[in-house]
Amino acid sequence: MSFREWKFIKLGEIGTIITGKTPSTKNEDNFGNKYPFITPRDMDGQKRIVDFTERYLSQQGLESVSKQVLDGISICVSCIGSDMGKVILARTKCVTNQQINSITSIKEDYDPFFIYYSLKPLKEYFHKIAGGSTMPIINKSKFSQIEILVPPLKEQKAIAHILSTLDEKIELNNKINKTLEDIAQAIFKHWFVDFEFPNEDGEPYKSSGGEMVESELGMIPKGWEVKSLDQIADFLNGLAMQKYRPKDGEQGIPVIKIKELRQGFTDNSSDLCSKEIDPKYIVNDGDIIFSWSGSLLVDLWCGGKCGLNQHLFKVSSKEYPRWFYYHWIKLHLDRFINIAKSKATTMGHIKRQDLSDSLVVIPDESLFGKANSVLSPLVEKQVELKIESRKLSELRNTLLPKLMSGEIRVPLDQE
């Protein structure tokens, strides 16, 4: 197939362009649990298809913005402010807010997934063409005039299939990881909070009359001990990485901040730091990272080698396996979040004393061995799948612009 068959097409020619609208928030009856109401907050840059939203509309809410309803498969693009350029697919009847322009009622000549992938790399371009001095914006008219390069439908589908195959594997990995996380948390709570680990006869310890003794945490199994979080792990605070920028001619490495921790990877907007920083401030795949300021969260980092910024702890231990302190931090996380919210400052945080005040229980050596044999493989599998997903994402990001520009052609079956 000749490259001459590729054509520049305006987005307005692909389908109907709709700018979203928020139903009146003064009427609570406009909101419910029936129809997804998509905002940029629902577009995290990692998922292709919106499967749930923070807010939903009622039938009344949908009817109040009937001209803005999307039905069938639609492509939604955030077009205002710093969130500009986020893209997601919607496949059910829904509404977006006014920050989003959407292409709906897509014509048969165009594959929605191909159009989605065509728009994904255009974030910088959107910011470049946006009008507005204080708040950059791409209005419906300007959005409709944006052109993308489009091959014949058969080639569109072939390209979209390649990219979708990679994304589907990433999505499957994410689902498996969520299941592994839920299983591990359930086992951890059952054994270390409810004390229903299997006794010598395979029966749940506490409810089967296992011997309990008094402790700082109340009644715990005999032979167990109580320690604090900062006694079972080291919490290394990061550096103010703006002081450690790459030297002239040095490539540097990305910096992990709260944004990167939340999204699970670094990107072109991430700061860089010198590779020559103290090695203990280098974060590697599988490290436990805990943000103690602002948005408090803890995660298994698998976004590659990077530098640890301030407001983040790298948590490690020479004595205990990572699943142990990881799940104890997660167990205390809601309390930490409440402590941070109670601070009078604009950015809530916790202090090291809060780590000392957070108690954990340590089982006897025999049970610890059993728990480790169950929980350690779950964490290892999570790390393995996260690394695989990152590599698949990197492959997709490399292929995407080359496929969309025609630099790489997809072999098609002969007619």
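Residues numbered from 1 in each chain as written. Predicted model: local features only at pLDDT ≥ 70, side-chain atom pairs only at ≥ 80, totals over all residues. Heavy atoms only, no water.

Colleague: Please set out the packing of aromatic side chains residue by residue, giving values where relevant.
Modeller: Scanning all chains against the criterion turns up 23 aromatic pairs. Taken together, a centroid distance of 4.6 Å and an interplanar angle of 20° make the contact between Phe 197 and Tyr 205 stacked. Of the two residues, Phe 197 and Tyr 205, neither departs from the other in class, the shared state being buried. An aromatic cluster is built from Phe 188, Phe 192, Phe 195, Phe 197, Tyr 205, Trp 224, Tyr 320, Trp 323, Phe 324, Trp 328 and Phe 368, whose rings are joined through pairwise contacts. Across from the ring centre of Phe 52, 4.4 Å away, lies the NZ or CZ of Lys 47, which sits over that ring. (Phe/Tyr/Trp six-rings, centres within 6.5 Å; stacked < 30°, edge-to-face > 60°. Buried < 20%, exposed > 50% of the residue type's maximum accessible area, 1.4 Å probe, protein only. Lys NZ or Arg CZ within 6 Å of the ring centre and 35° of its normal.)

Colleague: Describe unusual backbone geometry, listing the residues and the values that go with them.
Modeller: Of note in the backbone geometry, Ser 105 takes a positive phi value of approximately 50° without being a glycine. Even without being glycine, Phe 195 reaches a positive phi, approximately 60°. Tracing the chain through its elements places Phe 195 in the loop between helix H6 (153-192) and strand E11 (212-213). (Helix = DSSP H or I, 4+ residues; strand = E, 2+ residues; numbered from the N terminus.)

Colleague: Which residues make up the pairing of strand E19 (residues 297-301), and what values go with them?
Modeller: Among the five residues that make up E19, four are buried, leaving the element largely enclosed by the rest of the structure. Alignment of strand E18 (residues 287-291) against E19, held across five bridges, turns out to be antiparallel. Residue pairing in the sheet places Ile 289 in a bridge with Asp 299 of E19. Connecting E18 to the antiparallel partner E19 that follows it, the hairpin turn spans five residues, and Gly 294 within it adopts a positive phi of roughly 75°. (Pairing = 2+ DSSP bridges.)

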